[in-house]
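Fold and contact review
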Amino acid sequence: MFKHPLFTKLAALAAITVLLLFGLGMIEDVVRDRLRYRSITAQSVAESLAGPQTLMGPMIHSACVESWEVETGKGDERRMVEQRREFLLTAMPEQLKLSTGAAMEERARGLHKVNTFNLKAHVTAQWGSLASLVPQSSMKNSRMHCGAPIVMMAVGDARGIRTAQFTLDSQTLALKPGTFHPTYSRGLHAALPESVRGKADGLTATLDLELVGTERLAFVPLGGNTEVQMTSSWPHPSFGGRFLPSEREVKKTGFAAQWRLSSLATTAQADIANGKRICLGGTDDGSHSDYVPGGATPGDCADSFSVAFIDPVNPYSLSDRATKYGVLFIALTFVAVGLFELMKKLRVHPVQYLLVGSALCSFFLLLVSLSEHLPFGISYAVAASACVLLLAYYASHMLGGLARGIPLGGGIAVLYGLLYVLLQLEQTALVVGAIALFLVLAAVMVLTRKVNWYGLSQGNTPPRRPMAPPEVRPPAPPAARPATPPTPPVSAV
């Protein structure tokens, strides 16, 4: 049975399919390499400009040292030894309002583009009583020394600071780099007069900040009540972190979002007071905040929320998704050719199957290469049209006429159109793909409902009928012989 031509052809098609899958795997490797190069480009831009940014503050802190003497030893060895305790006093704002606007700028390295932003923020912070800045001694007769109160604003990457102006109760203060905070060291600060320590009526401060960064912006809700308003001309925001916007409006011309948070809903104040790290969350290239080492868990991070300026038509991610459908393309096309071969009593050589599958694989490589220079939609249309025309032309000769080649090309065109729709869908891609696959399976079952598969396995030769036994006939009666005339007598001479 296994020497039958049908099984030989099936074995050849299986080997061809494995070979084509190997080719698809190589194309997927090319796409992944391009994705990796894009990540390297994003890191290169971040290293040259500024990385993802985080805004944390303003907050007031003061470093204090408590010292006291302890008697040790006995007799002549008795002495007084000084001991000390270092600690940090902090004052979080009761009301914190940020009004921000982000203008997008596209930076490129070679063929790869990275989204950067120029943020202009107006920050207003109000403190109530500053009693938390008054040190409390933990030892009797101890001496207390505290540095000047410092108001600070921490950012993710200080290289992105362009301009900053700080006003405290209508008085402009000089800003200096750094924060003098042991954990959140990147940012800016201003020294406050000692008279603000323990002030009962509080303070009001405003900060105008211009900041640039790459791809992502995060905020820490540090106030007792935090309100953040953000607008941008980028139409594809991705909101993340621990809190989503209370209100948002996304249009083709940009987006507007607003967050309103209470300290009752977030532990950000306690997290910052305890020195927890600030996490931006995962990004497309796997980068993390400068404050957070890789592998940090959510419990290790302070509460925050973020906006990522993503590109939904990233050609490499779309191409990577498209190549995952390559096996389905090859299988459906081979099924279509096999149906023509079966229904029309044709003979298609395995080499012809190989050429058809190779043309299908070349589509994905064309798509990746063209999308680096053209918009993804145009690249997809060009690559799909080229492959459909080639396959329709070849199928016309392979199947013996335009009447058979054009329908095959049209079916492949429908597959390309369906794939494009699936690439554009996000939430409904699975259900659309499942329905389409079910319809294709139903069509194949309807077309082959009358096929005698056992007859195909026997080589399409009709079964031999058993020979009938020879018919026994009675012997024919002997034919009557004609009467012989009597011989005349011979007369004697």
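Remember, it's a predicted structure, so these values are computed and weren't measured experimentally.

Each value, and the rule that gives it
Residues numbered from 1 in each chain as written. Predicted model: local features only at pLDDT ≥ 70, side-chain atom pairs only at ≥ 80, totals over all residues. Heavy atoms only, no water. Helix = DSSP H or I, 4+ residues; strand = E, 2+ residues; numbered from the N terminus. Buried < 20%, exposed > 50% of the residue type's maximum accessible area, 1.4 Å probe, protein only. Areas by Shrake-Rupley, 256 points an atom, 1.4 Å probe, with all protein chains shown as cover. Pairing = 2+ DSSP bridges. Salt bridge = Lys/Arg side-chain N within 4 Å of Asp/Glu carboxyl O. Phe/Tyr/Trp six-rings, centres within 6.5 Å; stacked < 30°, edge-to-face > 60°. pLDDT = per-residue confidence, 0-100. Contact = heavy atoms within 4.5 Å. Core = buried A, V, L, I, M, F, W, Y, C linked by side-chain atoms within 4.5 Å. Axes fitted to C-alpha atoms, helices over the stretch in contact; angles between N-to-C directions. Parallel < 35°, antiparallel > 145°, perpendicular 65-115°, else oblique. Left-handed = near helix turned anticlockwise from the far one by under 90°. Nonpolar A, V, L, I, M, F, W, Y, C, P; charged D, E, K, R; others polar. Polar contact = N/O pair within 3.5 Å; in protein donor to acceptor, adjacent residues only side chain to side chain. Expected span 1.5 Å × (residues − 1). Disulfide = S-S within 2.5 Å.

1. Examining the overall build of the protein
If you tally the helices and strands in the protein, you get 9 helices and 17 strands. Taken over 493 residues, the protein has a buried fraction of 41%. Working note: accessible area of the protein is about 28100 Å², and carbon and sulfur atoms make up 60% of it.

2. Quick notes on the pairing of strand β16 (residues 254–262)
Examined bridge by bridge, strand β13 (residues 225–232) and β16 share 8 bridges and lie antiparallel to one another. Bridging across to β16, T231 finds its partner in A256. With antiparallel pairing between neighbouring strands as the criterion, strand β15 (residues 247–251) and β16 make up a hairpin whose turn holds 2 residues.

3. Overview of the pattern of salt bridges
Inspection of the entire model under this criterion finds 16 salt bridges. Note that E82 and R143 form a salt bridge whose closest N and O atoms lie 2.9 Å from each other. In this pair, E82 is assigned in strand β2 (residues 79–91) and R143 in strand β5 (residues 143–146), connecting sequence segments 61 residues apart. Take R143: its relative accessible area is 39%, and that puts it in the partly exposed class. In this structure, the salt-bridge partner of D303 is R242, at a minimum N-O distance of 3.3 Å.

4. Looking at the packing of aromatic side chains
On inspection of all chains with the given rule, the structure shows 13 aromatic pairs. Seen in terms of ring centroids, F376 and Y380 are 6.2 Å apart; in terms of plane orientation they differ by 45°. Their pairing is tilted. Note that F376 and Y380 are positioned in helix α6 (residues 376–398) at a spacing of 4 residues, about one turn of the helix. We classify F376 as buried; its relative accessible area is 7%. Owing to a relative accessible area of 5%, Y380 belongs among the buried residues under this scheme.

5. Focus: the confidence of the model for the protein
Mean pLDDT over the protein stands at 81; residues scoring 70 or higher make up 85%. Across the protein, element-level confidence peaks in β13 with a mean pLDDT of 95 and bottoms out in helix α9 (residues 453–457) with 63. Across residues 281–295, where pLDDT falls below 50, the model places 28 contacts with residues more than four positions away in sequence or in other chains.

6. Focus on the nonpolar core
Counting 60 residues, the largest nonpolar core has L55, M56, I60, W127, M230, I272 and F309 as its most contacted members. Broken down by element, the residue count for this core peaks at 6 residues, all from strand β4 (residues 112–127). Setting aside residues no more than four positions away along its own chain, M56 makes contact with M152, M153, A154, Y184, V220, L222, I272 and I278. Grouped together as the second largest cluster of nonpolar side chains are 39 residues, I27, F334, L346 and V388 included.

7. A short note on the sheet that holds β15
The mixed open sheet is built from 8 strands, whose spatial order is β8-β7-β11-β4-β3-β13-β16-β15. Across the chains shown, the open sheet's two edge strands, defined by having one partner strand only, are β8 (171–173) and β15. Direction aside, neighbouring strands of the sheet carry axes that sit 15° apart on average.

8. Quick look at the packing of helix α5 (residues 350–371) against α6
In a pair of packed helices, the angle between the axes and the distance between the axes together describe the arrangement. The contact between α5 and α6 brings their axes to 8 Å, and the two run at 165°. Overall, the two elements α5 and α6 adopt an arrangement that is roughly antiparallel. The element α5 and its partner α6 pack so that their crossing is right-handed. Residue-level inspection shows Q352, L355, V356, A359, L360, S362, F363, L366, L367, L370 and S371 of α5 in contact with α6, the latter providing F376, S379, Y380, V382, A383, A384, C387, L390, L391, Y394 and M398. When the residues that make up the contact of α5 with α6 are grouped by side-chain class, the tally is 18 nonpolar, 4 polar and no charged.

9. Points about the environment of N118
Looking at where N118 falls in the secondary structure, it is placed in strand β4. Judged by its relative accessible area of 16%, N118 falls in the buried class. For the pair N118 and I161, spaced 43 residues apart in the sequence, the C-alpha separation amounts to 9.9 Å. Ignoring sequence-local partners within four residues, the contact set of N118 consists of G101, A102, A103, E105, E210, L211 and V212. A polar contact of 3.3 Å, which involves the side chain of N118, links it to the side chain of E210.

10. Considerations on helix α4 (residues 326–343)
With 18 residues, α4 ought to run about 26 Å at 1.5 Å a step, and its terminal C-alpha atoms sit 26 Å apart, in line with that. Of the residues making up α4, those classed as buried are G326, F329, I330, L332, T333, F334, V337, L339, F340, E341 and L342. Downstream of α4 by a residue or two, K345 has a phi angle that is positive, lying close to 55°.

11. Examining the state of the cysteines
Within this structure, the stated rule accounts for 2 disulfides. Across the disulfide, C64 is cross-linked to C146 (sulfur-sulfur distance 2.0 Å). Its S-S torsion of approximately 110° makes the covalent link between C64 and C146 right-handed. Placement of the pair is C64 in strand β1 (residues 53–72) and C146 in strand β5, with a sequence separation of 82 residues. On the accessibility criterion, C146 (16% relative accessible area) is buried. For C279, the disulfide goes to C301, at an S-S distance of 1.7 Å. Taking the torsion about the S-S bond as the criterion, the C279 to C301 disulfide, at about -70°, is left-handed. With C279 in the loop between α2 (268–273) and β17 (305–309) and C301 in the loop between α2 and β17, this residue pair connects regions lying 22 residues apart in the sequence. Assessed through its relative accessible area of 13%, C279 is described here as buried. Judged by relative accessible area, C301 falls into the buried class, the value being 11%. With its disulfide-bonded cysteines labelled consecutively along the sequence, the protein is connected as 1-2, 3-4. The thiol sulfur of C361 is not disulfide-bonded, and the nearest other cysteine sulfur, from C387, lies at 9.8 Å.

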